[in-house]
Amino acid sequence: MELKYEPKKIINVDGSNKEFERALNTIPAGIYGHLGPSEGCMVPVNVYPKYMSKAKGAYIWDVDGNRIIDWMCAYGPNYLGYNDDEVDAAAAEQRKKGDCCTLIDPITNTFSEEVCKTIEMCDWTFFAKNGGDVTQYAVMVARSYTHRKKIVLTAGFYHGVAPWMQKLGYNGVTEEDLANNLYIDWNAPEQFEELCIKYKDQIAAFIATPYMHGNFCDNDTPHEGYWQKIRAICDKYGVVLIIDDVRAGFRIDIQGSLHKYGVQPDLACYCKAIANGYNVSCCCGKNFLLNAASDVAYTGSYWLSAVPFAAGVATLRKARAMDATAENAKKGKKLTDGLKEIAKDNGFDLSVTGEPGMFYLRLKNDFDSTILHQQWVAECVKRGVFFTSHHNHFVNSAISDADIQESWEVADEAWKVVKANNPDGHYIK
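Nothing here was measured: the structure is a model prediction, and the numbers come from that model.

## Observations regarding the domain arrangement of the chain
- Split by domain assignment, the chain resolves into domain 1 (14–82 + 324–421) and domain 2 (85–322).
- For domain 1 and domain 2, the distance between their C-alpha centroids amounts to 27 Å.
- Facing the 28 residues of domain 1 at the interface are 28 residues of domain 2.
- The contact between domain 1 and domain 2 buries some 2400 Å² in all, and 52% of this surface belongs to carbon and sulfur atoms.
- Our count for the domain 1 to domain 2 interface comes out at 23 residue pairs in polar contact (both at pLDDT 80 or more).
- Of all elements in the fold, only α10 (324–345), β11 (350–355) and β12 (358–363) reach the threshold of two or more residues within the side of domain 1 that touches domain 2.
- Of the residues in the side of domain 1 that touches domain 2, the class split is ten nonpolar, 14 polar and four charged.

## So, empty space enclosed by the protein
- If you walk through the whole model with that rule in mind, you get one cavity of 30 Å³ or more.
- M121, G256, S257, L258 and P265 are the residues nearest the centre of the largest cavity, which is lined by 15 residues in total.
- Take the lining of the largest cavity: its biggest share by element is three residues, from helix α7 (residues 257–261).
- When its residues are assigned to classes, the lining of the largest cavity shows eight nonpolar, five polar and two charged.

## Looking at the sheet that holds strand β1 (residues 52–56)
- Taken in spatial order, the four strands line up as β1-β2-β3-β13 in an open sheet, and their pairing is mixed. The two strands at the open ends of the sheet, each matched to only one other strand, are β1 and β13 (385–386).
- For strand β3 (residues 67–70) and β13, the ladder comprises two bridges, and the chain directions are parallel. Each residue of the ladder has a partner; that of I69, found in β13, is V385.
- Along the sheet face, helix α12 (residues 401–421) touches β2 (59–62), β3 and β13 and points at about 100° away from the line of β3.

## As for the sheet that holds strand β10 (residues 281–285)
- Ordered by their spatial adjacency, seven strands build an open sheet running β4-β10-β9-β8-β7-β5-β6, and the pairing between neighbours is mixed. Of all the strands in the sheet, just β4 (124–128) and β6 (181–184) have a single pairing partner and so form its edges. Across this sheet, the average inter-strand angle for adjacent strands is 20°, counted without regard to direction.
- As judged from the four bridges shared by strand β7 (residues 203–208) and strand β8 (residues 240–244), these two strands associate in the parallel manner. Following the sheet pairing, I207 is matched in β8 by I242.
- Contacts from helix α5 (residues 189–198) reach β5 (150–154), β6 and β7 within the one sheet, and its direction differs from that of β6 by about 145°.

## Description of the environment of A248
- Of note, A248 is situated in the loop between β8 and α7.
- Accessibility expressed as a relative area gives 0% for A248, which makes it buried.
- Considering only alpha carbons, one finds A248 and W303, 55 residues apart in sequence, at a separation of 22 Å.

## Things to note about the side chain of Q374
- Take Q374: it is sitting in helix α11 (residues 371–382).
- Look past the residues within four positions of Q374 in its chain and what remains in contact with it is G40, C41, V43, Y48 and S389.

## Some details on the nonpolar core
- Core analysis: the biggest nonpolar cluster contains 72 residues, and W71, F192, F206, W227, W376, F387 and W415 have the highest contact counts within it.
- For this core, the leading source of residues is α12, giving seven residues.
- The residue makeup of this core includes at least three contributed by each of domain 1 (14–82 + 324–421) and domain 2 (85–322).
- Residues within four places of W376 in sequence aside, it is in contact with L361, L363, F387, A411, A414, W415 and V418.
- Residues I274, V307, F309 and V313 belong to the second largest nonpolar core, which totals 31 residues.

So, how was this worked out
- Residues numbered from 1 in each chain as written.
- Predicted model: local features only at pLDDT ≥ 70, side-chain atom pairs only at ≥ 80, totals over all residues.
- Heavy atoms only, no water.
- Domains from an automatic or database assignment.
- Contact = heavy atoms within 4.5 Å.
- Buried area = accessible area lost by both parts, 1.4 Å probe.
- Polar contact = N/O pair within 3.5 Å; in protein donor to acceptor, adjacent residues only side chain to side chain.
- Helix = DSSP H or I, 4+ residues; strand = E, 2+ residues; numbered from the N terminus.
- Nonpolar A, V, L, I, M, F, W, Y, C, P; charged D, E, K, R; others polar.
- 1 Å grid on protein atoms, 1.4 Å probe; cavity = no way out; pocket = protein on both sides within 12 Å on 5 of 7 lines; lining within 4 Å.
- Points joined across faces, edges and corners; volume = space filled by probe spheres on them.
- Pairing = 2+ DSSP bridges.
- Axes fitted to C-alpha atoms, helices over the stretch in contact; angles between N-to-C directions.
- Buried < 20%, exposed > 50% of the residue type's maximum accessible area, 1.4 Å probe, protein only.
- Core = buried A, V, L, I, M, F, W, Y, C linked by side-chain atoms within 4.5 Å.

This is how it looks when you write it as structure tokens:
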């Protein structure tokens, strides 16, 4: 691909670095969790913007005034575009009436009905705040229904940060937290059935994401017939099938990710894109689990606040009307097809895996290292295009052809810089 453009400006992030130094005085790790540098993915740390001043559409502006094209979309919640006018108007109107009150607003029912209308398998909803809230709840519902303890997870899983969702050896996690966990490899339904036989009448649930979108590894979509086999095994052994659609929800299919793969789960967990960044999560369930769900004691101080529900109603209605899922997938494919071509022109072999609306990037030239890839990502970020070196990316409806073009240009320049800095790399011809 031939690109003609002026050299890109390197952004200044002094303001972000000063804020980060300030944060280190009072906040663990300065910025904890996936938004901060503690995961080791901001390399070098001092070139990354860390604090925002505003956001709109496809862009964030950092505290130094740099406009940045954001392919991380707040790690998923930005679905229609930051500060979408219609969603924000619905939220503002609800805020005038009330938000977190002693009595709940009827918008709760409206949002529940809207979710049930949107997601194919959904007969009822349970609202919370974080994705981990509802994955935890879904497991509790499965145990309530089956009167069993054990759950099956796939290798490379991530379902939140509760102790049972982590791994032995992680700080704060005990053997007791993981005592009822069983594990299988991804795309290995035969291993699941072996566990069902070995632990007959002991397994409450199988929980997995619709495809393996782990970090620091190529994403892996299900083999042909995989979900049909998992569904059949669950039915055969009385196991509740839970889909963690927190990250992929509305990126693959607006009717639920497993709708694309032709299977209905018993419970499905949503967050991120469901309200375009307003703080709400949802567990969707089938009718046969309704009584068991009602018997689970589980609540939160802000789980029934009304403003996010109003935003969620507006988000789902607008997304359906504009076919946002399909349109965002087209944008993702256009971007990544171009990136692969530009990478090849520069001697790099770019792997693109996962679904088009939630793609994962990796430079194969790195072999077992991520050094070249991290260098490339850093050079892109320094020029105002925010990719990451370890996580899948997201597409939002505000992304334009001009944004894709600018991203291509920045990627091209960044690869040229990386190649010049690493003349002995393994490049393709």
